[in-house]
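If you want the building blocks of each chain, they are given just below.
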Amino acid sequence: MTDQTAFHAGLLNPSTPVPEGLTDAQARPAGRRYGIYRNNVTVSLREALAEGFPSLVGLIGRENFDHVARAYLRQSPPTSPLMMHYGAELPEFVAALEQLKHLPYLADVARIDVAMRQSYHAADSISIDPTALQAMDEDTLLATRFSFAPSMIMIRSRWPIGAVWHYTLRGGDKPKGQAEDVLILRAEFDPEPIVLGPGAGDVVLALQTGTPFGRAIEQGGDAFDLAALLNILLPHNAITGLKS
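For clarity, every value in this text was computed on a predicted model and none was experimentally measured. (Residues numbered from 1 in each chain as written. Predicted model: local features only at pLDDT ≥ 70, side-chain atom pairs only at ≥ 80, totals over all residues. Heavy atoms only, no water.)

Counting across every chain of the model gives four aromatic pairs. Summarising the aromatic geometry, the rings of Y72 and F93 are spaced 5.5 Å apart at their centres and angled 70° between planes, so their arrangement reads as edge-to-face. Of this pair, Y72 sits in helix α4 (residues 62-75) while F93 is found in helix α5 (residues 90-95), placing the two residues 21 residues apart along the sequence. Taken as a pair, Y72 and F93 share a single burial class, namely buried. (Phe/Tyr/Trp six-rings, centres within 6.5 Å; stacked < 30°, edge-to-face > 60°. Helix = DSSP H or I, 4+ residues; strand = E, 2+ residues; numbered from the N terminus. Buried < 20%, exposed > 50% of the residue type's maximum accessible area, 1.4 Å probe, protein only.)

This is the structure:
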């Protein structure tokens, strides 16, 4: 192990001894200073994770979250100085924790937090003119393929994750037990998680994979409301291209 590797390895694990030969600017043993620095690094990373996962903090409490964050950062320390991306694997880490198995929806709710950050930092795009769809004849429209803004992200879950997220952070009605598809959209600067209606997730997924509009809307089933979906996508500037 190199000196640099030993230095980094000890930062996130207080049980790791201070690297040998580490001194301060006056050539004195830097054990105490290293301990302070190690604690500051750990606290800073926990704060970054807490800021990036507000729904998890709200659901399990800050003290429990700190325990989870501490275990996560020891297993998965940052590999990039761009902290806006740190924690993308935390939902999978949470899903594997035996202590949280009684809250099986946590990981999917955490994925909303991840997607919100990804959407916020996604590249800007230019949406279509909403009247472009109205200008097409039926055959052309049904054969059209859509492209979407990079900031649009869909999360599918067998749990009411959108309702849980909103209830935890914004209040409102208590979540019910049905599955939900959540679409993260960014009309301008701030992303918004929107719960899709029945069948809409299947339609969006088909459109995202290049299925022509006519065949995509067939995936929605009898309960699918096309007008409701378009009234979500168009005002949020989600559709960026049409190709026949």
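Within the open sheet, the three strands sit side by side as β2-β3-β4. Their pairing is antiparallel. Every other strand in the sheet has two partners, leaving β2 (153-157) and β4 (192-195) as the edge strands with one partner each. When the angles between neighbouring strand axes are averaged without regard to direction, this sheet yields 25°. Where strand β3 (residues 180-185) meets β4, four bridges bridge the pair, whose relative direction is antiparallel. Within the sheet, the bridge partner assigned to V182 lies in β4 and is V195. Contacting β2, β3 and β4, helix α9 (residues 161-170) runs over the sheet at an angle of about 135° to β4. (Pairing = 2+ DSSP bridges. Axes fitted to C-alpha atoms, helices over the stretch in contact; angles between N-to-C directions. Contact = heavy atoms within 4.5 Å.)

This paragraph deals with unusual backbone geometry. For residues besides glycine, phi is generally negative; the peptide bonds are generally trans as well. Located in the positive-phi region is N237, a residue other than glycine, with phi close to 55°. Secondary-structure assignment places N237 in the loop between α12 (226-233) and β5 (239-243). Assessed through its relative accessible area of 30%, N237 is described here as partly exposed.

Attention now goes to α4. Over its 14 residues, α4 extends 20 Å from the first C-alpha to the last, a length consistent with the 20 Å expected when each residue adds 1.5 Å. Of all the positions in α4, only F65, D66, V68, A69, Y72 and L73 are classed as buried. Buried residues in α4, looked at end-on, bunch into an arc of 165°, giving them a common side. In α4, those exposed residues whose orientation departs by more than 90 degrees from the buried face are E63 and Q75. (Expected span 1.5 Å × (residues − 1). Arc of directions from axis to C-beta.)

Turning next to the pairing of β2. Within β2, four of the five residues are buried, leaving the element largely enclosed by the surrounding structure. Where β2 and β3 come together, five bridges link them in antiparallel fashion. Of the residues in β3, the one forming a bridge with I155 is V182.

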